[in-house]
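One letter stands for each residue in the lines below.
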Amino acid sequence: MSSDPLTPYHGISPDAALTALGNPLDTAGFGTIAEACRQGRDDLAGRGLDDQGQKTLRRFSTWEITKYLIPVAPAHFRRVLRQNPDLPQGLTETDGGAKWFTLDEVLRLRAFFAAEGAANRDYLPYRPQGLAAKLLAVANFKGGVGKTSTAAHLAMSAALDGYKVLVIDLDSQGSMTSIFGGKVADEWQTVFPLLARHYGEHLRGENQARTDRGEAPLPLEDTVLQAMDLRAQDLAQKTHWPNIDLIGAQLDLYWAEFQVPVWRMNARSWKLWDALSDRLEADGVLDQYDLVILDTPPALGYLTINALAAADILLVPTGASFLEFESTGRFFDMLHATFASIEEGENIAARALGRPGLSFEWDAVRAIVTRYDGAQQAEFGALMQAYLGTVLSPYRQDFTALVGQAGEQVAGIYEADYRDFNRETYARGRAAFDETWAAVKRLLIGAWRRDELATSQAAE
Ligand SMILES: Nc1ncnc2c1ncn2[C@@H]1O[C@H](COP(=O)(O)OP(=O)(O)OP(=O)(O)O)[C@@H](O)[C@H]1O
Ligand SMILES: [Mg+2]
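Residues numbered from 1 in each chain as written. Chains lettered and ligands numbered in written order. Predicted model: local features only at pLDDT ≥ 70, side-chain atom pairs only at ≥ 80, totals over all residues.

Colleague: Looking at this structure, how should I read the pairing of strand E7 (residues 244-247)?
Modeller: Sheet faces and side chains relate simply in a regular strand, where the side chains alternate between the two faces. Neither face of E7 is open: one carries Ile-244 and Leu-246, the other Asp-245 and Ile-247, and all of them are buried. As defined by bridge partners, strand E5 (residues 165-169) adjoins E7 across four bridges and the pair is classed as parallel. Counterpart to Val-167 in the pairing with E7 is Leu-246. The pairing of strand E6 (residues 237-238) with E7 spans two bridges and is antiparallel. Along E7, the bridge assignment pairs Lys-238 with Asp-245. Between E6 and E7, which follow one another and run antiparallel, lie five residues. (Buried ≥ 20, exposed ≤ 12 C-beta atoms within 10 Å, placed from the backbone. Helix = DSSP H or I, 4+ residues; strand = E, 2+ residues; numbered from the N terminus. Pairing = 2+ DSSP bridges.)

What follows is the structure, encoded as structure tokens:
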């Protein structure tokens, strides 16, 4: 026999394989595995927590602030601080070292510069007065394409820009919730009660009509009754970001996927797809925040449909590979079929009643290439661009090792201290998500501007 190494899959000894195999696994075995994961997870997540078990947001340096957050020259920044001792002065770690500010302090400084600064600089984020917050959904039924990473980084970018953001996690995996350090005991701290309440309000309306017709009302089950006075604000929790709140998710939210169709069977006229957007609007969320970001699970279930129907802007992350492109095409196919069938169902009834029909509309829908490797995927990227045209965002989100590294501590690039990295690496990694935000911010501002013009035209 030669001493050359074998291929890894030849020459396997059955007895050695048996020894390595271990015992068969029973159902309880899954519980043991889950417990091991939970311990590891808590341990890892704990590394980003302070001694009270809370996540804290790091401070931002003068370099970062003047380069990324408030567009002023560093010398001017320092001069204004010296001249205004009431403004936050920052902390230094060493004598004469760089000054570091909390995000709250950055927001105060920004407001100051906006009040006294040159009018042509956009210190403050654009949002037309009196217009509602925009809802942004990030969705694709393909798993692992970067939905959560994109959504989380967009929330942080928007917050750094000074927008007030509500993040809603609709994925029972709860990744977004972990990133923002959310604590969710059960489905009652997720969007679930909002859906229940929407159904309950619908049933009450139905029952009014039934009573008028002399029919017996349909009973409201306990779950629904319990939800009737819960508001989105009761479900939102603060995060370690001063201007990001969270409605979290955990495993029990998956229950909604079973409960919603049962309710719909019970009341065929319940517009389940409107549940989330109607409740957010009714509770005043759209006035309280600038941007609502919805992260969805890798499935086109009822929660995703609610997110899609609620969304003003829909972002569909996809990798620049054949399988992901193909799968993303199927996702758009399913969107077409799903919303066409909802519209059709509604419009039969609407026509019969002589009411205007239902027609869904989005301010903007964009696919966006994520985890892009320019050296390997340029050709495929260009091909996708040729087929998808303007639907594909021209900004490709580069693959960056920074996300993976930051991911170990369940943090985003914006939460990482740049001093932990080579400055080049940091700048490139950060640029990937800055570009993603720039592309989305353009959509956001464009959509608001369109609304603003429509409102002023309507007033003329
Ligand atoms: N730009 C990027 N560069 C490098 N890695 C990335 C990038 N974006 C996402 N990733 C990594 O890809 C993996 C999947 O990302 P993510 O969890 O955001 O996908 P997802 O679509 O939300 O997944 P799921 O379908 O399970 O919800 C993660 O390990 C994440 O760190
Ligand atoms: Mg995800």
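Next comes the rest of the account.
Colleague: What is the right way to look at the site of ligand 1 in this model?
Modeller: For ligand 1, the set of nearby residues contains 19 residues, the closest of which are Gly-143, Lys-147, Thr-148, Ser-149 and Pro-298. Going through the elements one at a time, helix H6 (147-160) and helix H17 (401-407) are the ones with two or more residues in the shell around ligand 1. Among the residues forming the shell around ligand 1, the class breakdown is five nonpolar, eleven polar and three charged. (Near = placed C-beta within 6 Å. Nonpolar A, V, L, I, M, F, W, Y, C, P; charged D, E, K, R; others polar.)

Colleague: What is the right way to look at the packing of helix H8 (residues 192-212) against helix H12 (residues 275-282) in this model?
Modeller: Between two packed helices, what matters for the description is the angle formed by their axes and the separation of those axes. Viewed as axis vectors pointing N to C, H8 and H12 meet at an angle of 90°, and their least axial separation amounts to 9 Å. Classified by the angle between their axes, H8 and H12 sit roughly perpendicular to one another. Seen from H8, the contacting residues are Leu-194, Leu-195, Arg-197, His-198 and Tyr-199; seen from H12, they are Ala-275, Leu-276, Asp-278 and Arg-279. Across the contact of H8 with H12, the residue classes break down as five nonpolar, one polar and three charged. (Axes fitted to C-alpha atoms, helices over the stretch in contact; angles between N-to-C directions. Parallel < 35°, antiparallel > 145°, perpendicular 65-115°, else oblique. Contact = placed C-beta atoms within 7 Å.)

Colleague: I would appreciate a short explanation of the domain arrangement of the protein in the present structure.
Modeller: Think of interface size as the accessible area that goes away when the parts come together; that is how it is often given. Under the domain assignment used here, the protein contains domain 1 (60-116) and domain 2 (134-191 + 228-255 + 268-459). One C-alpha centre belongs to domain 1, the other to domain 2, and the line joining them spans 32 Å. In this complex, domain 1 contributes five residues to the contact, which on the side of domain 2 involves four residues. In terms of residues, the side of domain 1 that touches domain 2 owes the most to one element, helix H5 (residues 103-116), which gives four residues. (Domains from an automatic or database assignment.)

Colleague: What should I look at first to understand helix H15 (residues 322-353) in this one?
Modeller: Owing to its 3.6 residues per turn, the α-helix brings residues three or four apart onto one side. Taking 1.5 Å of rise per residue, 32 residues should cover 46 Å, and H15 covers 47 Å from first to last C-alpha, within 8% of that figure. When H15 is considered as a whole, its buried residues turn out to be Glu-324, Phe-325, Thr-328, Phe-331 and Leu-335. Contact partners of the buried residues in H15: helix H14 (302-310), strand E9 (313-319), strand E10 (364-370) and helix H16 (374-388). The positive-phi residue at the C-terminal boundary of H15 is Gly-354, with phi of around 65°. (Expected span 1.5 Å × (residues − 1).)

Colleague: So what exactly am I meant to see when it comes to the sheet that holds strand E8 (residues 291-295) here?
Modeller: Each strand in a sheet pairs with another by means of backbone hydrogen bonds, the pair being arranged parallel or else antiparallel. Taking strand neighbours across the sheet as the criterion, the seven strands line up as E6-E7-E5-E8-E4-E9-E10 in an open arrangement whose pairing is mixed. This sheet does not close on itself; its edge strands, each paired only once, are E6 and E10. Strand contacts of H15: E9 and E10, with the helix running at about 150° to E9, the strand carrying the most contacts.

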